[in-house]
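# Structural description and commentary
Read off the chains here:
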Amino acid sequence: MILGLDVGATTIKSAVVDEKGKIKEFKKTKNRVIEGDDFLVSQIANLINGYKEKLKFDKVGIGFAGSVDYKRGIVISAPNMGLIQNLYLAKTLERKCNIGIIIDNDAHCFGLAEKKSGAGKNYKNMIAVTIGTGIGGAVIVDGKLYRGANNTAGEFGHMAIDASSNKICGCGKYGHFEALASGTALSKLYEEATGQRTESELIAEMASKGEKIAQKCIIHIGHYFALGLANLINIFDPEAIIIGGGLSEVELLWNTAMNNIKPYLLHKNLANTKIVKSKLGETAGVIGATLLF
Ligand SMILES: [Zn+2]
């Protein structure tokens, strides 16, 4: 049995997963990133120790929303989690919890889980994309996760989509995919139009009830999402793209993206690329974290 944690910018998801992939005690905790690194580390440690009192497990896998040095257990940076830089997360947690810990990028975990037992099960060469607060990704080649020289392969959120854009990304650069098409991008766009700071989930809900400005903002980011997906198809020519994360459930965004990919594709065969939603839903990241061992 392995404890899996999926540490996102707004929520920490956790569960114990057994050898057959069965989930126990799935839990969601609010991540209060504004409290800083030390708070985050103790929050995760408390969560792990809390599980230790209830269930037996011998390792902990963590998916973290940021660039992660997987071999050394360090969070290099996490643009959507304040000023985290070179945080020795695995070692610190091992000391606090007295258990073996491996960490990796959260979207890598998502990709691993969808490949093993989700929507990517039947594909050898696939791309995984998560769209929530930010945009993350994983590249699976010949059934294996492609990590790159620094383990940061698949950071699709930071590909430049519009170099002339004035939209600033969490990483500090302009016109990145994430700055134009994520939940954060949606909130900012809506705020520009209405003067109200609103969470992306709420904007999606308003849009589904017919609120025109909310709908317009979602359609706007949906076009950029299409552009980013088309770039990925042109670059990788994958068998499939598996998409997860909270915003993948927003129908208007999904439909806008799906209807606008084609014009950007290099040749017509690429239009046959399967684009499917995550099968494991909100548990994908947690399951993937337990597959790191
Ligand atoms: Zn960026």
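Residues numbered from 1 in each chain as written. Predicted model: local features only at pLDDT ≥ 70, side-chain atom pairs only at ≥ 80, totals over all residues. Heavy atoms only, no water.

### A look at the packing of aromatic side chains
Note the following rule: Whether two aromatic rings pair depends on their centres lying within 6.5 Å, for rings of Phe, Tyr and Trp, where Trp uses its six-membered ring; planes under 30 degrees apart make the pair stacked, over 60 edge-to-face, and the rest tilted. Strands are runs of DSSP state E lasting at least 2 residues, helices are runs of H or I lasting at least 4, and numbering of each runs from the N terminus. Under the scheme applied here, a residue whose accessible area is under 20% of the maximum for its type counts as buried, over 50% as exposed, and between as partly exposed, the area being computed with a 1.4 Å probe on protein chains only. The rule for a charge over a ring is simple: NZ of Lys or CZ of Arg within 6 Å of the ring centre, and within 35 degrees of the ring normal.
Across all of its chains, the model carries two aromatic pairs by this definition. Consider the rings of Phe-177 and Phe-225, whose centres lie 5.8 Å apart with planes at 15°: the pair is stacked. Here Phe-225 lies in helix α7 (residues 212–236) and Phe-177 lies in helix α4 (residues 177–181), a separation of 48 residues in the sequence. A single burial state applies to Phe-177 and to Phe-225, both of which are buried. A cation over an aromatic ring shows up here: Arg-147 above the ring of Tyr-70, its NZ or CZ 3.6 Å from the ring centre. Geometry around Trp-254 places Lys-277 over its ring, the cationic atom sitting 4.9 Å from the centre.

### Remarks on the pattern of salt bridges
Just so we agree on the cut-off: Each reported salt bridge corresponds to a side-chain nitrogen of Lys or Arg within 4 Å of a carboxyl oxygen of Asp or Glu.
Enumeration according to the criterion identifies eight salt bridges in this entry. Glu-25 is the salt-bridge partner of Lys-54, the closest N and O atoms lying 3.4 Å from each other. With a gap of 29 residues between them, Lys-54 in helix α1 (residues 37–54) and Glu-25 in strand β3 (residues 23–30) connect regions that are remote in the sequence. Taking relative accessible area as the criterion, Lys-54 reaches 55% and is therefore assigned exposed. Here Glu-25 falls in the partly exposed class, since its relative accessible area comes to 41%. When the shortest N-O distance is used, the salt bridge between Glu-35 and Arg-32 registers 2.9 Å. Take Arg-32: its relative accessible area is 42%, and that puts it in the partly exposed class.

These figures capture arrangement, not role.
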